[in-house]
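Here is what each chain is made of, one letter per residue.
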Amino acid sequence: MTRIAGQYLVNKHIIISLIFFILCLGLSSCDNKNKSNPSDCMETVTPEHVSTILGKERQEILELFQDVVDTQLAPDAEEVVLNKDLMYNEKAVKVSLLFEGDILFRIQYNFEGQNEEALAFTEEAYTTFKKIYGDSDTYPGLPDRIDNLSFEAYKDGDNWRYQEYWIDVVTVFDSVIPENRKADKRVDLGILLNKIPIENDFQTIVFIGGIINSTNTTKLPE
């Protein structure tokens, strides 16, 4: 009986140790840096959650992504490339964090030749932002809007950049514009879809974050 009880205690200790080890692994991974929703730090760069990290301080952002950035990163690097890809529609997308000073200004998504996925991602971001901030303030009828953009029109069109932007929905980018330029420049929240020509084809890069616009661009009436 004593031997059986001793074996039981040993097995119990082994199980507890294994559980503790697994928990430690989980806590040290990118997947659990943000314990609130979303639970995966890579989820924060998805269309659903990206607005929650834009404008955050560099230190907070680098702590969130510490497991997926270069440990030898320069402290004032303007571009931080994540060494873990975002998976979108089962396709790998390279992601970069773009800083202005010490705030996260934009997220860059390099879809390379996955152009249909890039447009689907952009449309998802646009739909999400409309739910959060309402209709965009991009002028109706402009040929470079993302709104109602089909893949055929995107692929065959002459425009190399499409956009949507929202005025006065965030103030986190105020520090980007110098005081002596704030009379004629401001930063809006926007989505940019960029076609990059390569030989006889093109690839797509998407930006989500700050867009510097002229203050002559007025907010559309409600």
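Computed from a prediction, not measured in an experiment: that's the story for all the values here.

Thresholds, definitions, all that
- Residues numbered from 1 in each chain as written.
- Predicted model: local features only at pLDDT ≥ 70, side-chain atom pairs only at ≥ 80, totals over all residues.
- Heavy atoms only, no water.
- Buried < 20%, exposed > 50% of the residue type's maximum accessible area, 1.4 Å probe, protein only.
- Helix = DSSP H or I, 4+ residues; strand = E, 2+ residues; numbered from the N terminus.
- Pairing = 2+ DSSP bridges.
- pLDDT = per-residue confidence, 0-100.
- Contact = heavy atoms within 4.5 Å.
- Polar contact = N/O pair within 3.5 Å; in protein donor to acceptor, adjacent residues only side chain to side chain.
- 1 Å grid on protein atoms, 1.4 Å probe; cavity = no way out; pocket = protein on both sides within 12 Å on 5 of 7 lines; lining within 4 Å.
- Points joined across faces, edges and corners; volume = space filled by probe spheres on them.
- Nonpolar A, V, L, I, M, F, W, Y, C, P; charged D, E, K, R; others polar.
- Expected span 1.5 Å × (residues − 1).
- Phe/Tyr/Trp six-rings, centres within 6.5 Å; stacked < 30°, edge-to-face > 60°.

*Asks:* Looking at this model, I keep getting lost on the pairing of strand β7 (residues 201-214). Mind explaining?
*Replies:* In summary, the side chains of a regular strand alternate between the two faces of the sheet. β7 sits mainly inside the fold: eleven of its 14 residues count as buried. Bridge analysis of strand β4 (residues 103-112) against β7 gives six bridges, and the strand direction is antiparallel. Residue pairing in the sheet places Ile107 in a bridge with Ile208 of β7. Two strands pair when backbone bridges link them, and strand β6 (residues 185-198) and β7 are joined in this way by 14 bridges, in the antiparallel orientation.

*Asks:* How do you make sense of the confidence of the model for the chain when you look at a structure like this?
*Replies:* Low pLDDT means the predicted atomic positions in that stretch should not be read closely. The pLDDT averaged across the chain works out to 83; a share of 79% of its residues lies at or above 70. Taken element by element, the predicted model of the chain shows its lowest mean pLDDT in helix α1 (residues 2-27) (46) and its highest in helix α3 (residues 115-133) (96). Overall, residues 15-29 carries pLDDT values under 50, and its contacts beyond four positions in sequence, including any with other chains, amount to seven contacts.

*Asks:* I tried to follow the side chain of Asp188 on my own but got confused; where do I start?
*Replies:* By the secondary structure assignment, Asp188 is in strand β6. Taking relative accessible area as the criterion, Asp188 reaches 0% and is therefore assigned buried. For Asp188, the side chain forms a polar contact with the side chain of Asn213, separated by 2.7 Å. Sequence-distant contacts of Asp188, defined by excluding residues within four places in its chain, comprise Tyr165, Trp166, Ile167, Gly209, Gly210, Ile211 and Asn213.

*Asks:* I keep staring at the layout of surface pockets and nothing clicks. Help me out?
*Replies:* Computed from the structure, the largest pocket encloses a volume of approximately 160 Å³. Lining the largest pocket are eleven residues; nearest its centre among them are Asp168, Val170, Asp174, Arg186 and Val187. Here the residues of the lining of the largest pocket are counted per class, giving four nonpolar, one polar and six charged.

*Asks:* Hey, could you run me through empty space enclosed by the protein in this one?
*Replies:* A water-sized probe, rolled over the atoms, reveals where empty space remains. A full pass over the atoms with the stated rule returns one cavity of 30 Å³ or more. As a volume, the largest cavity reaches approximately 40 Å³. Around the largest cavity sit Ser51, Leu54, Tyr133, Val170, Val172, Phe173 and Leu189, which together line it. Looking at side-chain class alone, the lining of the largest cavity contains six nonpolar, one polar and no charged residues.

*Asks:* Just to check I follow, could you spell out α3 for this structure?
*Replies:* An α-helix turns once per 3.6 residues; consequently, residues spaced three or four apart project the same way. An ideal rise of 1.5 Å per residue puts 27 Å on 19 residues; α3 measures up with 26 Å between its terminal C-alpha atoms. Listing the buried residues of α3 in full gives Asn115, Glu117, Ala118, Leu119, Phe121, Thr122, Ala125, Tyr126, Thr128 and Phe129. Following α3 by one or two positions, Gly134 adopts a phi angle in the positive range, close to 90°.

*Asks:* I keep staring at the side chain of Asn115 and nothing clicks. Help me out?
*Replies:* In this fold, Asn115 is placed in helix α3. A polar atom in the side chain of Asn115 sits 3.1 Å from the backbone oxygen of Phe202. In this structure the side chain of Asn115 is engaged in a polar contact, spanning 2.6 Å, whose partner is the side chain of Thr204. When near neighbours in sequence (up to four residues on either side) are disregarded, Asn115 contacts Phe151, Phe202, Gln203 and Thr204.

*Asks:* When you look at the packing of aromatic side chains in this model, what are you seeing that I'm missing?
*Replies:* The relative placement of two aromatic rings is captured by the distance of their centres and the angle of their planes. In the structure shown here, the tally under the stated rule is nine aromatic pairs. Both rings, one in Phe105 and one in Phe173, keep their centres 5.3 Å apart while their planes meet at 75°; by these two values the pair is edge-to-face. Of the two residues, Phe105 is situated in strand β4 and Phe173 in the loop between β5 (161-166) and β6; the sequence distance between them amounts to 68 residues. For Phe105, a relative accessible area of 6% gives the class buried.

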